[in-house]
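Next come the chains, spelled out residue by residue.
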Amino acid sequence: MALIRVGSQVFNTDYIVRVRLYDSNSFSNNCVTLLVDEGAGEFNGDVNGMSGHWGLQSYSFYNEQADMLRGFFTSPDYVIDLTVPQPVETTTGAE
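These numbers come from a predicted model, not from an experiment.

Visitor: Tell me about the overall build of the protein chain, residues and numbers included.
Guide: A count of helical and extended segments in the protein chain gives 1 helix and 7 strands. For the protein chain, the succession of helices and strands along the chain, N to C, is β-β-β-β-β-β-β-α. By residue count, 23% of the 95 residues in the protein chain fall in the buried class. Of the contacts made within the protein chain by residues no fewer than 6 positions apart, 42% connect residues no fewer than 24 positions apart.

This is the structure we're talking about:
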């Protein structure tokens, strides 16, 4: 478990379901989107009386915040990268 703070929000990484490092469906070229499981249960003493399953919530972060999150989630200390590298094409110049 790790807690990460972005602006005024704190996330427990155990509840992050998916991270989109380069969200192409956003309003910006520089966006990271987190899909967070909000859990199930009851808020005790909540004035709105919320209870039951809250479901998944999407959070989008832009610019500097997106850069920080992208750095966190691509750190070799945190994530094992299973992306298959693209083959490098080499040319010898001879035809």
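That covers the picture; the talk isn't over yet.
Visitor: So what's going on with the side chain of T13? Residues and values would help.
Guide: In this fold, T13 is placed in the loop between β2 (9-12) and β3 (16-20). Owing to a relative accessible area of 10%, T13 belongs among the buried residues under this scheme. For T13, the contacting residues outside a window of four places in its chain are M1, A2, I4, F72 and Y78.

Visitor: Mind laying out the pattern of salt bridges, listing which residues take part and the relevant values?
Guide: Tallying each qualifying case throughout the model produces 1 salt bridge. Of the charged contacts, one joins D67 and R70 as a salt bridge, the two residues approaching to 3.1 Å between their closest N and O atoms. Taken together, the positions of D67 and R70, both in helix α1 (residues 63-73) and 3 residues apart, correspond to about one turn of that helix. D67 gets classed as partly exposed once you look at its relative accessible area, which sits at 42%.

Visitor: Give me the lowdown on the layout of surface pockets, citing residues and values where you can.
Guide: In this structure, the largest pocket encloses a volume near 170 Å³. Considering the residues around the largest pocket, the lining is formed by V19, L21, F73, T74, S75, P76, V79, D81 and T83. Residues that form the lining of the largest pocket fall into these classes: 5 nonpolar, 3 polar and 1 charged.

Basis of the calculations
Residues numbered from 1 in each chain as written. Predicted model: local features only at pLDDT ≥ 70, side-chain atom pairs only at ≥ 80, totals over all residues. Heavy atoms only, no water. Helix = DSSP H or I, 4+ residues; strand = E, 2+ residues; numbered from the N terminus. Buried < 20%, exposed > 50% of the residue type's maximum accessible area, 1.4 Å probe, protein only. Contact = heavy atoms within 4.5 Å. Salt bridge = Lys/Arg side-chain N within 4 Å of Asp/Glu carboxyl O. 1 Å grid on protein atoms, 1.4 Å probe; cavity = no way out; pocket = protein on both sides within 12 Å on 5 of 7 lines; lining within 4 Å. Points joined across faces, edges and corners; volume = space filled by probe spheres on them. Nonpolar A, V, L, I, M, F, W, Y, C, P; charged D, E, K, R; others polar.

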